[in-house]
Amino acid sequence: MGCVISREVQSGIVSEVKEEKGLSAELSRKVGDVSTSNIDVGEVEIQNGEKQREKEENGSNDEQPRKARGERRRSKPNPRLSNPPKNLRGEQVAAGWPPWLTAVCGEALSGWIPRKADTFEKIDKIGQGTYSNVYKAKDMLTGKIVALKKVRFDNLEPESVKFMAREIIILRRLDHPNVVKLEGLVTSRMSLSLYLVFDYMVHDLAGLAASPEIKFTEPQVRSSLFE
Ligand SMILES: Nc1ncnc2c1ncn2[C@@H]1O[C@H](COP(=O)(O)OP(=O)(O)OP(=O)(O)O)[C@@H](O)[C@H]1O
């Protein structure tokens, strides 16, 4: 995302209806197993708990040869060590996020719900980046004008997904008047496509610099070079 310096409106949070089951499944497979169920953890705990009780009832605890310390820890799971990230992913998938996205940037999604693509009306294509096309659009829920950045995934390569995930994670953390704000994401549970929703900026730095009418002051030049 280039440096954009003129803020006009804010967007709402966003999601999409289009279902792309095959592609989504493929990407999930490539990005890694993002199973959202915690059932296996529960079963292990119950089974081990029952085994432990049986041993105590039979008084057979001491009959077993002592295992190495590390092995004992692995065979007796601590209920407090259940996997919170998996729980979080489960909640996020239930909320409508696609598993492949929660797998790569789940932490950056917290507090958001996905918006549907049909709640935006595209007005015009306004730009293109390395991994994206950018559209001016109207948020039909709020009436605000936003910039929708449609991310392209190159042959479902995990690297391009991770690249996009890094951008989301960093933008979600940034809160600075000179950095355009990421307002939300448009996607859905079975979808592969993803739009980032930004405040719409009337101008960008490159456009202003190219304009003969605009003269930057020295402090402005210093500041933009620093950034
Ligand atoms: N929030 C926005 N408001 C208005 N126009 C925007 C906004 N975001 C992007 N654009 C336009 O879209 C163009 C492409 O932006 P994008 O952020 O995808 O790519 P980039 O930062 O130029 O390149 P890269 O993808 O390599 O980071 C920008 O140069 C700008 O003209």
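Calculation notes
Residues numbered from 1 in each chain as written. Predicted model: local features only at pLDDT ≥ 70, side-chain atom pairs only at ≥ 80, totals over all residues. Heavy atoms only, no water. Helix = DSSP H or I, 4+ residues; strand = E, 2+ residues; numbered from the N terminus. Buried < 20%, exposed > 50% of the residue type's maximum accessible area, 1.4 Å probe, protein only. Contact = heavy atoms within 4.5 Å. Axes fitted to C-alpha atoms, helices over the stretch in contact; angles between N-to-C directions. Parallel < 35°, antiparallel > 145°, perpendicular 65-115°, else oblique. Left-handed = near helix turned anticlockwise from the far one by under 90°. Nonpolar A, V, L, I, M, F, W, Y, C, P; charged D, E, K, R; others polar. UniProt positions renumbered as here; feature names shortened; annotations may be inferred. Core = buried A, V, L, I, M, F, W, Y, C linked by side-chain atoms within 4.5 Å. Pairing = 2+ DSSP bridges. Salt bridge = Lys/Arg side-chain N within 4 Å of Asp/Glu carboxyl O.

> Just checking my understanding: could you explain the environment of A137 for this structure?
Topologically, A137 is positioned in strand 2 (residues 132-139). When its relative accessible area of 0% is taken as the criterion, A137 is described as buried. Put simply, A137 and I126 are 11 residues apart on the chain and 9.8 Å apart in space, counted from C-alpha to C-alpha. Residues contacting A137, with those up to four places away along its chain left out, are E121, K122, I123, K144, I145, V146 and L148.

> Would you explain the packing of helix 5 (residues 99-109) against helix 6 (residues 158-173) in this entry?
The description of two helices packed together rests on the angle between their axes and the distance between the axes. Direction vectors running N to C along helix 5 and helix 6 enclose 15°, while the axes themselves pass 9 Å from each other. Looking at the two axes, helix 5 sits roughly parallel to helix 6. The two elements helix 5 and helix 6 cross, and the hand of that crossing is right-handed. Together, W100, L101, V104, C105, E107, A108 and L109 of helix 5 and V161, M164, A165, I168, I169, R172 and R173 of helix 6 make up the contact between the two elements. Its residues placed into classes, the contact of helix 5 with helix 6 shows 11 nonpolar, no polar and 3 charged.

> Please clarify how the UniProt feature "binding site: ATP" (unreviewed entry) in the chain should be interpreted in this entry.
Mapped onto the present numbering, the UniProt feature "binding site: ATP" (unreviewed entry) falls on K149. Relative to the helices and strands, K149 is located in strand 3 (residues 145-151).

> Any chance you could explain the nonpolar core here in plain terms?
The tendency in soluble globular proteins is for nonpolar side chains to be buried as a group. Grouped together as the largest cluster of nonpolar side chains are 28 residues, with contacts concentrated most on L101, C105, M164, I168, L185, L194 and L196. Elements represented by at least two residues in this core include exactly helix 5, strand 3, helix 6, strand 4 (182-186) and strand 5 (195-199). One finds F120, Y135, V186 and Y195 within the second-largest nonpolar core, a separate group that totals 8 residues.

> What is the right way to read the sheet that holds strand 4 from this model?
The strands that make up a sheet pair up through hydrogen bonds in the backbone, lying either parallel or antiparallel. Reading across from one edge, 1-2-3-5-4 is the order of the 5 strands in this open sheet, with antiparallel pairing throughout. Pairing within the sheet leaves two strands with one partner each, and these edge strands are strand 1 (120-128) and strand 4. Across this sheet, the average inter-strand angle for adjacent strands is 30°, counted without regard to direction. Pairing geometry for strand 3 and strand 5, over 5 bridges, is antiparallel. Note that in strand 5 the partner of V146 across the bridge is D199.

> Please clarify how helix 5 should be interpreted in this entry.
An α-helix turns once per 3.6 residues; consequently, residues spaced three or four apart project the same way. Of all 11 residues in helix 5, 9 are buried, a share of seventy percent or more. For helix 5, the full list of buried residues reads P99, W100, L101, T102, V104, C105, G106, A108 and L109. Directly beyond the C-terminal end of helix 5, a positive phi value near 90° is found at G111.

> Looking at this structure, how should I read the pattern of salt bridges?
Should the charged atoms of two oppositely charged side chains come close, the side chains can pair. In the structure shown here, the tally under the stated rule is 3 salt bridges. Here E107 makes a salt bridge to R173, at a shortest N to O gap of 3.1 Å. A residue pair is termed long-range when its members are at least 10 positions apart, and E107 in helix 5 and R173 in helix 6 qualify at 66 residues. Taken as a pair, E107 and R173 share a single burial class, namely exposed. Of the charged contacts in the structure, one is a salt bridge between K149 and E167, with a shortest N-O distance of 2.8 Å. In this pair, K149 is assigned in strand 3 and E167 in helix 6, connecting sequence segments 18 residues apart.

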